[in-house]
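For reference, the chains in residue letters:
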Amino acid sequence: MRKKRFCFILVIVLVAAAAIITVPLLLKNLFWSQPTVIQMQVSPDGTYTAYVFESNAGATTGWIYHISVLPTGKELSKGPGNVYIGTLPPDDISWIDNSTLFVSDYASKGTTRQKEKIGNIRIKYHSLETKGEHV
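Basis of the calculations
- For every chain, the first residue of the written sequence is number 1, and numbering continues from 1 onward in sequence order.
- The predicted origin of the model limits local features to residues at a pLDDT of at least 70 and limits the giving and counting of side-chain atom pairs to 80 or more, whereas totals for whole chains, interfaces and linings rest on all residues.
- Remark: hydrogens and water are excluded; side-chain values derive from all non-hydrogen atoms of the structure.
- Only DSSP runs of H or I with at least four residues qualify as helices, and only runs of E with at least two residues qualify as strands; both kinds are numbered from the N terminus onward.
- The buried label applies to any residue whose accessible area, calculated with a 1.4 Å probe on protein chains only, is under 20% of its type's maximum; exposed applies above 50%, and partly exposed to all values in between.
- Any N or O atom pair separated by 3.5 Å or less is treated as a polar contact, with the protein-specific requirement of one donor-capable and one acceptor-capable atom, and with residues adjacent in sequence counted only for side-chain atom pairs.
- Should DSSP find at least two bridges between two strands, the strands are taken to pair.
- For helices, the fitted axis covers only the stretch in contact; all axes are lines through C-alpha atoms, and the angles between them, taken along N-to-C directions, range from 0 to 180 degrees.

Participant: Looking at this model, I keep getting lost on the side chain of Asp105. Mind explaining?
Facilitator: Relative to the helices and strands, Asp105 is located in strand β6 (residues 100-105). On the accessibility criterion, Asp105 (0% relative accessible area) is buried. Only 2.6 Å separates the side chain of Asp105 from the side chain of Gln114, close enough to count as a polar contact.

Below is the structure:
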């Protein structure tokens with residue numbers, strides 16, 4: 001009887017673990033479209049690639065614009081950007097040096113994520129509507 005109970009508990013734990021792993025992936029595939037890259041910039045030393053991309057989560061939402069900084073060679077996948085998310089695309093991105101990405105954007109126009117740092121990469125922003133830099 002103890003052996004059956006142990007097996008039953010083990011099966012429940014394995015099913016729960018599988019659900020914890022697969023449900024977020026399924027939801028990500030349901031609610032995020034494949035990213036469409038608008039701009040791509042490789043850092044001067046080739047270590048990182050910054051992507052500006054757009055995605056659309058479906059008929060009830062509009063286009064969302066993202067920036068992600070990834071190690072060069074790592075594939076851009078579905079999901080939100082890891083640096084920037086907004087309802088307007090950034091005007092331009094460029095690398096100042098190997099560890100600083102410069103973003104020209106419309107900061108007050110629907111931006112929901114605007115990180116200043118990711119890993120050892122610093123992100124500097126230039127707001128086009130105020131003609132000033134904000135970090």
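From this point, the narrative continues.
Participant: Just checking my understanding: could you explain the sheet that holds strand β4 (residues 84-86) for this structure?
Facilitator: Backbone-to-backbone hydrogen bonds join strands into a sheet, with any given pair of strands oriented parallel or antiparallel. The five strands are arranged β1-β2-β3-β4-β7 in an open sheet whose pairing can be described as antiparallel. Lying at the two open borders of the sheet, with one neighbouring strand each, are β1 (36-42) and β7 (111-114). Ignoring strand direction, the axes of neighbouring strands in this sheet form an average angle of 10°. In the sheet, strand β2 (residues 48-56) pairs with strand β3 (residues 63-71) via nine bridges, with the strands oriented antiparallel. Pairing of Tyr48 across the sheet is with Pro71, part of β3.

Participant: Explanation requested: the pairing of β6 in the structure shown.
Facilitator: Consecutive residues of a regular strand have side chains that alternate between opposite faces of the sheet. Counting buried positions along β6 gives five out of six residues, so the element sits mostly inside the fold. Both strand β5 (residues 92-97) and β6 contribute to a ladder of five bridges, which runs antiparallel. The residue of β6 that forms the bridge with Ser94 is Phe102. The hairpin formed by β5 and β6 contains two residues between the paired strands.

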